[in-house]
Amino acid sequence: MLKYPVLFIHGSGFRDKTLGFINYWGRIPKLLSKNGAAVYYAGTDAWGSIEKNASTAKQKIEFILEKEKTQKVNIIAHSRGGLEARYLISTMNMGSAVASLTTISTPHFGVKAMNLAVFVPDGLYKFCSFFVDLWFRILGDKNPDFFTSSRQLSEKFCTGFNLSNPDNNEVYYQSYASMMKYFFSDLIFILLHPFITASDGDNDGLCPVDSARWGDFKGVITTKGIFGISHCGVIDLYRINYKGIKIPQFYLDIVKGLSERGF
């Protein structure tokens, strides 16, 4: 079906497989594999910096190219994973090895609400980050850096990031946004959603819709019901079927579209 393999790059706070069995991507990889796609995970850290995680993803791409005897990969990235992929393509000069980059709810222009993190005293922020890093090191992170990686989601950081990481003409870029309709749509984001709504507008509990627009913007993923799709829901983390959209099928359609483009 696809000419090139698919490489998944996850976002913040989770690993590809947490505790060894909770798959970040839900039922999606299994469905894609069943339909003929060669599927791989980048193996990045939950709270690694963009630079460290991009380096890890680069090594995985080199492994895939050798194993599959191919020249390129298709990257599907969620949340901050999209920034890591763009850094990989631009700053790390891996554009020749990437056919396409599909970003799902990636804050390309940052989150204005996260600008507040800059005003937290460094000493206090680093103190809290120490315990986050410790926990995620236990879960499998090799280089957790919550202090740096969390701040890399701010609007201020992403403004400079975008200037330093322009698109590569060899790569096809497309993007999607997801959106919660009400603050109670996902209890995990019940506090964050209204906070980000006030500062950034429509969002999925973490990523503003407007911030997710990059390259060929394909639209907003939500439901026909009253709840919408959250930042976790759009990656099938909950493994439920929403009204009007089946998340695994949505990803299969993405792959079919890439195949039609010759990727």
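Refer to the structure above for everything that follows.
A quick note: this is a predicted structure, and the numbers were derived from the prediction, not measured.

Tallying secondary structure elements over the protein gives eight helices and eight strands in all. For 263 residues, the compact-globule estimate of 2.2 N^0.38 gives 18 Å, and the protein sits close to it at 17 Å. By its C-alpha atoms, the protein is 50 × 40 × 35 Å across when sized along the principal axes. The contacts in the protein between residues at least 6 apart in sequence include a share of 78% that link residues at least 24 apart.

A word on the nonpolar core. By size, the foremost hydrophobic cluster in this structure holds 32 residues, and its most contacted members are Ile-76, Ile-104, Phe-250, Tyr-251 and Ile-254. Of all elements in the fold, only β1 (6-9), α1 (28-34), β6 (98-104), β7 (172-178) and α8 (247-260) reach the threshold of two or more residues within this core. Broken down by element, the residue count for this core peaks at seven residues, all from α8. If near-sequence neighbours (up to four positions away) are discounted, Ile-76 is found in contact with Val-6, Leu-7, Phe-8, Ile-9, Trp-25, Thr-102, Ile-104, Tyr-251, Ile-254 and Val-255. Ile-9, Ala-42, Ala-57 and Leu-83 belong to the second largest nonpolar core, which has 27 residues in total.

So, on to the side chain of Asn-162. Along the chain, the position of Asn-162 falls in helix α6 (residues 155-164). Here Arg-86 takes part through its side chain, which lies 2.9 Å from a polar atom of the side chain of Asn-162. Not counting chain neighbours up to four residues away, the residues in contact with Asn-162 comprise Arg-86, His-108, Phe-109 and Trp-214.

This model, assessed by the stated rule, comprises nine salt bridges. Between Arg-27 and Asp-236 there is a salt bridge; the shortest N-O distance is 2.8 Å. With Arg-27 in the loop between β3 (22-23) and α1 and Asp-236 in the loop between β8 (216-221) and α8, this residue pair connects regions lying 209 residues apart in the sequence. Of the residues examined, Arg-27 reaches a relative accessible area of 30% and is grouped as partly exposed. A salt bridge links Arg-80 to Glu-84; its shortest N-O distance comes to 2.9 Å. For the pair shown, Arg-80 and Glu-84 are each scored as buried.

This part takes up the packing of aromatic side chains. Considering all chains together, one arrives at 18 aromatic pairs under this definition. Taking 5.1 Å as the distance between ring centres and 75° as the angle between the ring planes, the aromatic pair formed by Phe-250 and Tyr-251 counts as edge-to-face. Per residue, the accessibility class of Phe-250 equals that of Tyr-251, and both read buried. A network of ring pairs unites the aromatic residues Phe-8, Phe-14, Tyr-24, Trp-25, Tyr-41, Tyr-176, Phe-250 and Tyr-251 as a single cluster. Geometry around Phe-147 places Lys-126 over its ring, the cationic atom sitting 5.2 Å from the centre. A cation sits over an aromatic face here: Arg-261 above Tyr-172, 4.1 Å from the ring centre.

Our next topic: the pairing of strand β5 (residues 73-78). Counting buried residues in β5 gives six out of six residues, a clear majority hidden from the surface. Note: β1 against β5, four bridges, orientation parallel. Along β5, the bridge assignment pairs Phe-8 with Ile-76. Summarising the sheet, β5 and β6 pair through six bridges and their orientation is parallel. Residue Ala-77 lies in a different strand from β6, and its bridge partner there is Thr-103. Note on the crossover from β5 through helix α3 (residues 81-90) to β6: the handedness is right-handed.

Cut-offs and rules
Residues numbered from 1 in each chain as written. Predicted model: local features only at pLDDT ≥ 70, side-chain atom pairs only at ≥ 80, totals over all residues. Heavy atoms only, no water. Helix = DSSP H or I, 4+ residues; strand = E, 2+ residues; numbered from the N terminus. Rg over C-alpha atoms; globule rule 2.2 N^0.38 Å. Contact = heavy atoms within 4.5 Å. Core = buried A, V, L, I, M, F, W, Y, C linked by side-chain atoms within 4.5 Å. Buried < 20%, exposed > 50% of the residue type's maximum accessible area, 1.4 Å probe, protein only. Polar contact = N/O pair within 3.5 Å; in protein donor to acceptor, adjacent residues only side chain to side chain. Salt bridge = Lys/Arg side-chain N within 4 Å of Asp/Glu carboxyl O. Phe/Tyr/Trp six-rings, centres within 6.5 Å; stacked < 30°, edge-to-face > 60°. Lys NZ or Arg CZ within 6 Å of the ring centre and 35° of its normal. Pairing = 2+ DSSP bridges. Right-handed = clockwise from strand over helix to strand, strands pointing away.

Geometric values such as these leave the question of function open.
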